[in-house]
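# Geometric and topological summary
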Amino acid sequence: QVQLVESGGGSVQAGGSLRLSCAASGVTYGTNCMGWFRQAPGKEREMIATINRFGGSTFYADSVKGRFTISLDKSKITVYLQMNSLKPEDTAMYYCATSRALGWVHCGDPPTAAYWGQGTQVTVSS
């Protein structure tokens with residue numbers, strides 16, 4: 001089965017940086033999309049950065065564009081999210097996701113079905 005394990009979350013002051021990691025196992029050629037999502041209390045889940053692990057194309061939400069960078073280690077099937085210039089509004093639980101069947105084919109669009117990691121908390125203080 002597909003398993004995703006996130007790490008790298010923590011507490012940081014505004015303007016600081018964090019690097020999140022997501023190690024994937026059990027993936028197949030059908031899992032072309034990988035990405036990061038976040039959800040804060042009382043808010044909807046937001047797709048913030050995605051990458052096609054075969055084509056290399058990326059997507060960034062406007063809220064993080066220019067501050068966050070997604071990358072992929074193809075040999076280990078591990079996706080990273082480098083987060084710079086963090087703001088208090090970035091505080092959320094961050095989740096890694098990858099394609100599940102045909103539920104996520106076009107990586108720049110939100111998935112209708114995906115495999116999810118357990119999440120890692122990011123807290124940014126002012």
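Above this text sits the structure in question.
Structural notes, computed from the coordinates. (Residues numbered from 1 in each chain as written. Predicted model: local features only at pLDDT ≥ 70, side-chain atom pairs only at ≥ 80, totals over all residues. Heavy atoms only, no water.)

## A look at the sheet that holds strand β3 (residues 18–25)
Strand order in the open sheet made by the four strands is β1-β3-β8-β7, with antiparallel pairing throughout. The open sheet is flanked by β1 (3–7) and β7 (68–73), the only strands paired with a single partner. Going across the sheet, the axis of each strand differs from the next one's by a mean of 15°, ignoring polarity. When β3 meets strand β8 (residues 78–83), the two strands line up antiparallel, connected through six bridges. (Pairing = 2+ DSSP bridges. Helix = DSSP H or I, 4+ residues; strand = E, 2+ residues; numbered from the N terminus. Axes fitted to C-alpha atoms, helices over the stretch in contact; angles between N-to-C directions.)

## Considering the state of the cysteines
Taken as a whole and judged by the stated rule, the model has two disulfides. One disulfide in the model links C33 with C107; its S-S distance is 2.0 Å. Its S-S torsion of approximately -85° makes the covalent link between C33 and C107 left-handed. Placement of C33 in strand β4 (residues 33–39) and of C107 in the loop between β9 (92–99) and β10 (114–116) is noted, with a sequence separation of 74 residues between them. By the burial criterion, C33 is buried, and C107 matches it. If the cysteines joined by disulfides in the protein chain are listed in sequence order, their pairing comes out as 1-3, 2-4. (Disulfide = S-S within 2.5 Å. Buried < 20%, exposed > 50% of the residue type's maximum accessible area, 1.4 Å probe, protein only.)

## Side note on the pattern of salt bridges
Any two side chains of opposite charge can pair if their charged atoms end up close together. For the coordinates displayed, the defined rule picks out five salt bridges. Here K76 and D73 are joined by a salt bridge, their closest N and O atoms 3.9 Å apart. Residue class for K76 comes out partly exposed when judged on its relative accessible area of 48%. Overall, the relative accessible area of 23% leaves D73 in the partly exposed class. (Salt bridge = Lys/Arg side-chain N within 4 Å of Asp/Glu carboxyl O.)

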